[in-house]
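Take a look at the letters that make up each chain.
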Amino acid sequence: MSATTTAAAPVDTSPATRRHPGALAPLRWEIRKLRAQYRAKAVLIGALVLPVIVVVVIQGQSRPPKDTLFGRFATDNGFALSLLVLGFAAQWVLPLLTAVVAGDIFASEDQHGTWKTVLTRSTSRAQLFWAKTLTACGFAVIVLAVLATSTIVSSVLIVGHQPLTGLSGQTIPAAEALRLVAASWATMLPAMLGFTCLAILLSVWSRNPAVGIAAPVVIGMVMQLVGALGGVEAIRPFLLTTPFEAWHGLFADPRFTGPLTEGLITSAAWCAVCLGAAFVMLRRRDITGG
Amino acid sequence: MNDLLAVEATGVTKTFGSVLAVDDITIRVAAGEVYGVLGPNGAGKTTFLRMLFGLIRPDSGTIEVLGKSWGADGVGVLDGVGGFIESPRFYPYLTGRQNLEGLALLDGGVRPGLLEELLELVEMTDRADQKVGGYSYGMRQRLGVAASLLREPRLLVLDEPANGLDPAGIRDMRALVKRLANSGLTVLLSSHDMDEVEEICDNVTIMKRGTVAFHGTIAKLRTMAPDPGHLLATTDDTRALALAEQHPALRVTRDPEAALVVTGPTPDVSAYVAALVRNNIDLLTLTQTQTPLEALFFMLTDDTTHQTLDRPAELAELAEAAR
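Residues numbered from 1 in each chain as written. Chains lettered and ligands numbered in written order. Predicted model: local features only at pLDDT ≥ 70, side-chain atom pairs only at ≥ 80, totals over all residues.

**Student:** Just give me the short version of the overall build of chain A, but keep the residues and values in it.
**Tutor:** Looking only at helices and strands, one finds ten helices and three strands in chain A. When the helices and strands of chain A are placed in sequence order, the string is β-α-α-α-α-α-α-β-β-α-α-α-α. Once the C-alpha set of chain A is aligned to its principal axes, its extents read approximately 90 × 40 × 30 Å. The 290 residues of chain A split such that 45% are buried. Sequence separation of 24 or more characterises 76% of the internal contacts of chain A that already satisfy a separation of 6 or more. (Helix = DSSP H or I, 4+ residues; strand = E, 2+ residues; numbered from the N terminus. Buried ≥ 20, exposed ≤ 12 C-beta atoms within 10 Å, placed from the backbone. Contact = placed C-beta atoms within 7 Å.)

As structure tokens, then:
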């Protein structure tokens, strides 16, 4: 079956000479959208304010949480308290903070039916994919920086900056302790980016913001549980939650950084696999909704 | 300037699972014309338009838009093309203006002042700084037209632009599309409303179940349209029915709702009505059941109508025309 009509009169159909967006244009658009969303702002404000509240509450307790790493010093030493919060945050807070944006950034286009709006412009799927990915990763870096800064500053200011007792019983001078605490928080970044990419994959796959946000947190908790079980040494290095514990070696004497390197590789592998799968999924997808 | 086709889709097929959505269709839209793609819901119109925009990949066949193809030119195929599929969607947490600014960013920027011009054109200037989440359906449709024109297209693709609008909104939208068409744009308009297509388009493809049931000019379609049907209520339907025997060109039957159904050429209907009046039979109501083009549309697209119509010759002619 065919439908053919002839032209009534020639009209200009020569190839268009319209401008094309630069590589950064989709990124600027994604950042602009993110800045307009209350959810992202709320997460950043939470990352800024909640550590202060947590520090005040813990510091006010008569008995420190001795059964946790650096817990026994938490009420007397700001660096120890920062590390206590870090250990807690790594359990599910960090995956949640990054998933709030990364798990939503693709699926929200399905939720709002806007794929067809943006994909009928002069920007390709690949450009949009990388713009969204960079935005989500950038948000992860910022929220981690805000959380770390707020925790360290409030801990040091409220509890104090006395020399820290390391995991081997050694005394770490305050300046060195501050550097190590900051470095410990920074070591969260690779695994957090791994969770960002996992959330992106789930966001693309599920097309559902709730799944994109909640599933990485649940998966992270399951990994924590599996990692804590005995007899799983073979798979523990491949779990995305294992790099969250790699900072422990920084506070041992002598210091060891092997887990940091392994964690970096593990996180990079998770990032590559998740982003690769998400990219292929998005490129091949038929946009039928909206 | 050249005489390239604005759209050249050849042998395009798309299936979703076991559902054949578009079956080997070929559609060519000449530059400068206003082309309608008409069909009932599920006919494959929107699937075809989504393939044109690259939102859906065809299983087979090729689509060229303004001389470019997805295979060779990627997203560059959309240079010079604007439009929307089904109801236009925007980010509800951004204002109308912010949405347009963002889309302009994705287009590589627009010339200064264009955004304001378009907001004025679609009468959205006053509401442009309100969040889209609070817009009515009609406002979103108008914003969709503005977003399409932001690309300064030479081919404008509109998928059921008047769908869901109130009568005033439909009137305004049709007037806007006609204005745009008169400005020299090639317009590809999808609709399930025969009146809309008849009013706006030069040429039309009627789709049914993913295939082309008819293509040609509106004028050609009119010549193929069946006689109009009328519902007639009189003060004496029995006598009116008897009087109809003197008008062999008409078919007059009783309707289950006690009215008479009069089918036939308009001059014969007029003569029949005059005869009723001369015979002191007063008319209570006389209403057209369907326009001839509507009737033809249903003949072409409704399987049940095909089975009950007794105009095989005409249907055969239509089938031949479609081929």
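**Student:** Give a detailed account of the confidence of the model for chain B, specifying residues and quantitative values.
**Tutor:** Do not read the fine detail of predicted coordinates wherever pLDDT is low. All names here are of chain B. Within chain B, residue pLDDT values average 86, and 93% of them lie at 70 or more. Taken element by element, the predicted model of chain B shows its lowest mean pLDDT in helix α12 (residues 303-308) (44) and its highest in helix α3 (residues 96-106) (96). Segment residues 305-316: pLDDT under 50, and ten contacts once partners within four positions in sequence are set aside and those in other chains are kept. Scored by ipTM, the complex comes to 0.86, with pTM at 0.84. (pLDDT = per-residue confidence, 0-100.)

**Student:** Talk me through the sheet that holds strand β13 (residues 260-263) of chain B; I want residue IDs and the actual numbers.
**Tutor:** Residues and elements named next belong to chain B. Spatially, β12-β13-β11-β14 is the arrangement adopted by the four strands of the open sheet, whose pairing is antiparallel. Two strands lie at the open edges of the sheet, namely β12 (251-254) and β14 (283-290), each paired on one side alone. Strand-to-strand twist in this sheet, taken as the mean axis angle between neighbours without regard to direction, amounts to 25°. Where strand β11 (residues 229-234) and β13 come together, four bridges link them in antiparallel fashion. Residue pairing for β13: L232 is matched across the bridge by L260. Against the sheet, helix α10 (residues 266-278) touches β11, β13 and β14, its axis set at about 165° to β14. (Pairing = 2+ DSSP bridges. Axes fitted to C-alpha atoms, helices over the stretch in contact; angles between N-to-C directions.)

**Student:** Explain the domain arrangement of chain B to me, and be specific about the residues and the numbers.
**Tutor:** Domain annotation for chain B reports domain 1 (5-223) and domain 2 (229-290). For domain 1 of chain B and domain 2 of chain B, the distance between their C-alpha centres works out to 43 Å. (Domains from an automatic or database assignment.)

**Student:** Let's hear about the pairing of strand β9 (residues 203-208) of chain B: which residues, and what values?
**Tutor:** Residues and elements named next belong to chain B. The buried fraction of β9 amounts to six of the six residues, a majority that puts the element mostly inside the structure. Burial along β9 is two-sided: N203, T205 and M207 and V204, I206 and K208, pointing in opposite directions, are all buried. In this structure, strand β3 (residues 34-38) lies alongside β9, joined through four bridges in parallel fashion. The partner of Y35 across the bridge, within β9, is N203. Pairing between β9 and strand β10 (residues 211-217): six bridges, direction antiparallel. When the bridges of β10 are listed, N203 appears paired with T217. Linking β9 back to β10 in an antiparallel pair, the connection comprises two residues, with R209 at a positive phi of about 50°.

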